[in-house]
Amino acid sequence: MLRRQALSACLLIAALLAGGCETFGHKQPPPPPPPAPGTALTPEADTGDEEPLPVTKVAEPIVVAAWAEPKQLPAGGGQAQIMVRIQKQGGTRFPGVEVRLRSSGGTLFSAGRVLVTDASGMTRDRLTAHKTATITLNAGGTRYRFQVPVAESVP
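Residues numbered from 1 in each chain as written. Predicted model: local features only at pLDDT ≥ 70, side-chain atom pairs only at ≥ 80, totals over all residues. Heavy atoms only, no water.

Chemist: Summarise the pairing of strand β2 (residues 78-88); cite the residues concerned and give the values.
Modeler: As paired strands, strand β1 (residues 62-69) and β2 are joined by 8 bridges and run antiparallel to one another. Paired with alanine 68 across the bridge in β2 is isoleucine 82. As defined by bridge partners, β2 adjoins strand β5 (residues 122-139) across 8 bridges and the pair is classed as antiparallel. When the sheet's bridge partners are listed, glycine 78 is paired in β5 with alanine 129. (Pairing = 2+ DSSP bridges. Helix = DSSP H or I, 4+ residues; strand = E, 2+ residues; numbered from the N terminus.)

In structure tokens, the structure reads:
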């Protein structure tokens, strides 16, 4: 078993050094730009090729809005609050929904733990990043993605 894990680790490192998944013909579409605060996100199709962010699925359709405050980090990076609002169809806030976030290009205060929406259907996390970060979130069983850009350095 350890030999299989070592081989898997070596293959992963080799793939990353050789250009990532694109080397093997798997191209991920770029995530969408950051949404305007409070804007509903479009669910991502589940391709099955990413590590899951398991949460309890909700039984009814939901509307998810997620955004960063500030929506762009200054040159050199910084911190932003990642805000998530969940509503039922029709606009009623939805408390008790499990949300899990992941970041590429930064770290989240939640460190991948499950967050739960409060009475107003909101939850938040804190992103620390020095380069543009892609936030992937699973809210009630549906995955969403957006970017938090870092401003270019001025020479």
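After presenting the structure, the write-up continues.
Chemist: Tell me about the packing of aromatic side chains, residues and numbers included.
Modeler: Tallying each qualifying case throughout the model produces 0 aromatic pairs. The positively charged end of lysine 88 is found above the aromatic ring belonging to phenylalanine 94, 5.0 Å away from the centroid. (Phe/Tyr/Trp six-rings, centres within 6.5 Å; stacked < 30°, edge-to-face > 60°. Lys NZ or Arg CZ within 6 Å of the ring centre and 35° of its normal.)

Chemist: Give a detailed account of the nonpolar core, specifying residues and quantitative values.
Modeler: Counting residues in each nonpolar core, the largest one holds 25 residues, and the members touching the most others are Ile82, Ile86, Leu101 and Leu137. Those elements that provide at least two residues to this core are β1, β2, β3 (98-108), β5 and β6 (142-148). Here this core gets 6 residues from one element, more than from any other, and that element is β5. (Core = buried A, V, L, I, M, F, W, Y, C linked by side-chain atoms within 4.5 Å. Buried < 20%, exposed > 50% of the residue type's maximum accessible area, 1.4 Å probe, protein only.)

Chemist: I'd like a description of the environment of serine 103, backed by residues and values.
Modeler: Relative to the assigned elements, serine 103 resides in strand β3. For serine 103, a relative accessible area of 17% corresponds to the buried category. For the pair serine 103 and threonine 132, spaced 29 residues apart in sequence, the C-alpha to C-alpha distance is 10.0 Å. Ignoring sequence-local partners within four residues, the contact set of serine 103 consists of Leu108, Leu127, Ala133, Thr134 and Ile135. A polar atom in the side chain of serine 103 sits 3.4 Å from the backbone oxygen of glycine 106. (Contact = heavy atoms within 4.5 Å. Polar contact = N/O pair within 3.5 Å; in protein donor to acceptor, adjacent residues only side chain to side chain.)

Chemist: Now, about the confidence of the model for the chain: what can you tell me, with residues and values included?
Modeler: Across the chain, the average pLDDT comes to 78, with 66% of residues at or above 70. Mean pLDDT in the chain bottoms out at helix α1 (residues 2-17), which sits at 44, and peaks at β2, which reaches 95. In the predicted structure, residues 1-26 sits below a pLDDT of 50 and forms 5 contacts with residues beyond four places in sequence or in another chain. (pLDDT = per-residue confidence, 0-100.)

Chemist: An account of the environment of arginine 100 is needed here, citing residue identities and associated values.
Modeler: For arginine 100, the position within the fold is in strand β3. For the pair arginine 100 and threonine 136, spaced 36 residues apart in sequence, the C-alpha separation works out to 8.4 Å. In this structure arginine 100 touches Leu53, Pro54, Val55, Gly112, Arg113, Val114, Thr136, Leu137 and Asn138, once residues within four positions along its chain are discounted. Looking at arginine 100, its side chain comes within polar contact range of the main-chain oxygen of proline 54, at 3.5 Å. Among the polar contacts made by the side chain of arginine 100, one reaches the main-chain carbonyl oxygen of glycine 112 at a distance of 3.2 Å.

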